[in-house]
Amino acid sequence: MLSDNIKQELVAIVGERFYRDDQEALITHSYDGTPMQQALPDGVIYPNSTDEVAKIMRVLSQHEVPVITRGSGTNLCGGTVPTEGGVVMVMHRMNKLLEIDEENLTATFQPGLNTQKFIEQVEAVDLFYPPDPSSMAISTLGGNIAACSGGLRGLKYGTTKDYVIGLEAVLASGEVLRTGGKLMKDVAGYDLTKLLVGSEGTLAIVTEATVKLIPQPEYKKTMLAIFADLYDAARTVSKIIEHKIIPATLEFLDNATIRVVEDFKQIGLPVEAEAVLLIEQDGEQSVVDKEMQQIERICQEEHADHVQVAKNREEAEQLLTARRSAFTALARLRPTTILEDATVPRSKIADMVLKTNEIARKYDVQICTFGHAGDGNLHPTAMTDARDQDEVKRVEAAFEEIFAAAIELGGTITGEHGVGIVKAPYLEWKVGASGIEVMKGIKKAFDPNHILNPGIMFAKEAKKRVVIQK
Ligand SMILES: Cc1cc2nc3c(=O)[nH]c(=O)nc-3n(C[C@H](O)[C@H](O)[C@H](O)COP(=O)(O)OP(=O)(O)OC[C@H]3O[C@@H](n4cnc5c(N)ncnc54)[C@H](O)[C@@H]3O)c2cc1C
């Protein structure tokens, strides 16, 4: 519980309406997109400006009250669960698109702006902002920046970190930090912009951002390649890249995922296929046509059963939407869905999918896999029931082995969802003890009293690395 004094100081900054500690507000901000993670905050605050965020931080810092910054709460790693209580700071009121600068090809916005709305506004002036997390209809740009989100277009265009060039952020102390700007070149000191992108709200609160935009590609073509063998699909991914073609999208769905997505969307996906690849290329029409013909030939050489090119943009959008709804479709199967994002070098995709299936069988749990094949970012997804403690324990053990297998194959524990609470115990597997120490040093420099998103990123206890039997 916050003392009446602290509460009054906060109310004085944002007004009665925008500080809440009624049960409804506390419960609805006690969880996010992550299953089985919940903790009540002491209060919820909705600032409307950088100045308000700075004033709030001065109060919370003085009293050493934890603060958990929240966009739309769609993260899948417990990144906004207030495990140590404190105040959840919701950024939704700070949702303005401040500028699209067509001369410098940049956009500047507040962090609470919805990702999809922003992409649409940018496309309306014939420009392009590629990072497209599947949650973009709900997520905020601030959440995307703090989580360094990626999406279907990540292979060719990169992820959020490749576009953010300037930030305004409020430090734990309440001071306002400005990094970068509209500059394409800037090597003045450490790259604090890049450091804050992906820092999961542990270093500062982003209150404004400038991103670079690129011209809209003039033309797009989308195809679906259907495979009876998983290895053929995986080899096709490597072969496409080996031929020096970088598709805008190169997505993979395994058989179990194809079945549930088809059941959900009914767009004619081949439910008997072992795997499908969803491939999109964009750019100048003659180049796209030539590369898509090459890709079609590679698919056929690698024994695709069938290659289907979308007849028009509507059909292409249907395929992309079907892929984006894979998580939602899987979530219909059982009460609890746990979606992970173990990532491997793309040459190891088939090994990783087969290893995942083997681990699922070993623990007798249901796991489907889909993901961004082009960048090796897979989403093994477990359908379970949080009420069945025995099954949940088996799911957790299976994921532990899946993370270990990803590391063994030269990969990582998370490609885009972040560490949060749920992967904090595994972070050391990826970055080593010295990596953890350096990161803790950075955290201390930004947030000496450890009030920003405490409990995430750094686990109280690291997990012992599982040894995978070869
Ligand atoms: C159906 C579904 C599909 C998804 N698909 C993808 C995908 O394709 N790619 C992908 O990368 N992720 C995906 N995600 C995960 C998630 O949507 C992204 O991480 C997204 O960027 C989170 O945005 P948000 O606004 O909901 O942020 P939140 O969940 O509210 O917050 C995410 C993190 O950012 C911090 N944060 C939020 N705002 C700020 C701020 N202004 N300053 C500092 N820190 C802040 C929070 O404290 C937290 O640590 C998916 C999730 C779902 C549910």
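Look up a bit, the structure's there.
Residues numbered from 1 in each chain as written. Predicted model: local features only at pLDDT ≥ 70, side-chain atom pairs only at ≥ 80, totals over all residues. Heavy atoms only, no water.

(A) View of the packing of aromatic side chains. Counted according to the given criterion, the structure contains seven aromatic pairs. When the ring of Y129 is compared with that of Y163, the centres are 5.8 Å apart and the planes differ by 75°; the resulting orientation is edge-to-face. Taken together, the residues Y129 in the loop between strand 7 (127–128) and helix 5 (141–147) and Y163 in the loop between helix 6 (154–157) and strand 8 (164–170) connect sequence positions 34 residues apart. On the basis of relative accessible area, Y129 is assigned to the buried category, the value being 1%. Members of the aromatic cluster, joined through ring pairs, are F109, F118, Y129 and Y163. Its end group placed over the ring of F18, R93 keeps NZ or CZ at 3.4 Å from the ring centre. Positioned over the ring face of Y163 is K212, at 5.6 Å from the centre of the ring. (Phe/Tyr/Trp six-rings, centres within 6.5 Å; stacked < 30°, edge-to-face > 60°. Helix = DSSP H or I, 4+ residues; strand = E, 2+ residues; numbered from the N terminus. Buried < 20%, exposed > 50% of the residue type's maximum accessible area, 1.4 Å probe, protein only. Lys NZ or Arg CZ within 6 Å of the ring centre and 35° of its normal.)

(B) Expanded view of the state of the cysteines. A complete count under the given rule lists zero disulfides for this structure. With no disulfide of its own, C77 lies closest to C148 among cysteine sulfurs, the gap being 13 Å. (Disulfide = S-S within 2.5 Å.)

(C) Here's a closer look at the nonpolar core. Of all hydrophobic cores here, the largest spans 49 residues; its most connected members are F252, L277, I279, I295, C299 and M352. Listed by contribution, the elements that provide at least two residues to this core are strand 12 (219–227), helix 8 (230–242), strand 13 (249–254), strand 14 (275–283), helix 10 (285–301), helix 13 (349–363), strand 18 (377–384) and helix 14 (389–408). When residues in this core are grouped by element, the largest group, nine residues, is from helix 14. The contact partners of C299, leaving out residues within four places of it in the chain, are A225, F227, T236, I279, A304 and V307. Counting 33 residues, the second-largest nonpolar core is a separate cluster that includes L2, M57, M89 and A172. (Core = buried A, V, L, I, M, F, W, Y, C linked by side-chain atoms within 4.5 Å. Contact = heavy atoms within 4.5 Å.)

(D) Representation of the packing of helix 8 against helix 13. Helix 13 packs onto helix 8 with a crossing angle of 145° between their chain directions and a minimal axis gap of 8 Å. Contacts between helix 8 and helix 13 involve L230, Y231, A234 and V237 from the first element and I349, A350, D351, V353 and L354 from the second. The class makeup of the residues in the contact of helix 8 with helix 13 is eight nonpolar, no polar and one charged. (Axes fitted to C-alpha atoms, helices over the stretch in contact; angles between N-to-C directions. Nonpolar A, V, L, I, M, F, W, Y, C, P; charged D, E, K, R; others polar.)

(E) Representation of the site of the ligand. Of all residues adjacent to the ligand, which total 33 residues, the nearest are T69, T74, S135, T140 and S149. Between the ligand and the protein, one listed contact pairs an oxygen atom with a side-chain N or O atom of N75 at 2.8 Å. G150 places a polar main-chain atom, nitrogen or oxygen, 2.9 Å from a nitrogen atom of the ligand. Listed by contribution, the elements that provide at least two residues to the shell around the ligand are strand 3 (67–70), helix 5 and strand 10 (205–212). Counting residues per element, the shell around the ligand draws most heavily on helix 5, which supplies five residues. Its residues placed into classes, the shell around the ligand shows 10 nonpolar, 20 polar and three charged. (Near = heavy atom within 4 Å. Polar contact = N/O pair within 3.5 Å; in protein donor to acceptor, adjacent residues only side chain to side chain.)

(F) Structural view of helix 15 (residues 427–446). For helix 15, with 20 residues, the first-to-last C-alpha span of 20 Å runs short of the 28 Å given by 1.5 Å per residue. Of all the bends in helix 15, the greatest, near 85°, is centred on A433. When helix 15 is considered as a whole, its buried residues turn out to be L427, W429, G435, I436, K443 and F446. In the core, the buried residues of helix 15 are packed alongside strand 9 (176–180), helix 7 (192–196) and helix 14. (Expected span 1.5 Å × (residues − 1). Bend = angle between axes of the 7 residues up to and from the residue.)

(G) Structural detail: the side chain of T222. Along the polypeptide, T222 turns up in strand 12. Among the polar contacts made by the side chain of T222, one reaches the side chain of E280 at a distance of 2.6 Å. At 3.5 Å, the side chain of T222 forms a polar contact with the side chain of R313. Those residues in contact with T222 that sit more than four places away from it in its chain are L278, I279, E280, M292, Q308, V309, A310, R313, A316 and L319.

(H) Examining the environment of E262 more closely. Tracing the chain through its elements places E262 in helix 9 (residues 255–265). Expressed as a C-alpha distance, the spacing of E262 and G150, which sit 112 residues apart in the sequence, is 24 Å. For E262, the contacting residues outside a window of four places in its chain are I267, G268, L269 and V271.

(I) The pattern of salt bridges, seen in detail. A full pass over the atoms with the stated rule returns 32 salt bridges. With a closest N to O distance of 2.8 Å, D282 and K156 form a salt bridge. Taken together, the residues span a long stretch of sequence, with D282 in strand 14 and K156 in helix 6 at a distance of 126 residues. Since its relative accessible area comes to 5%, D282 is described here as buried. Close ionic contact of K463 with E400 constitutes a salt bridge, the shortest N to O distance being 3.6 Å. You can see K463 sitting in the segment after helix 15 and its partner E400 sitting in helix 14, a full 63 residues away along the chain. Overall, K463 belongs to the partly exposed group, its relative accessible area being 37%. Taking the relative accessible area as the measure of exposure, E400 reaches 17% and is therefore buried. Among the charged side chains, a salt-bridge network with shared partners connects D232, R235, K239 and E302. (Salt bridge = Lys/Arg side-chain N within 4 Å of Asp/Glu carboxyl O.)

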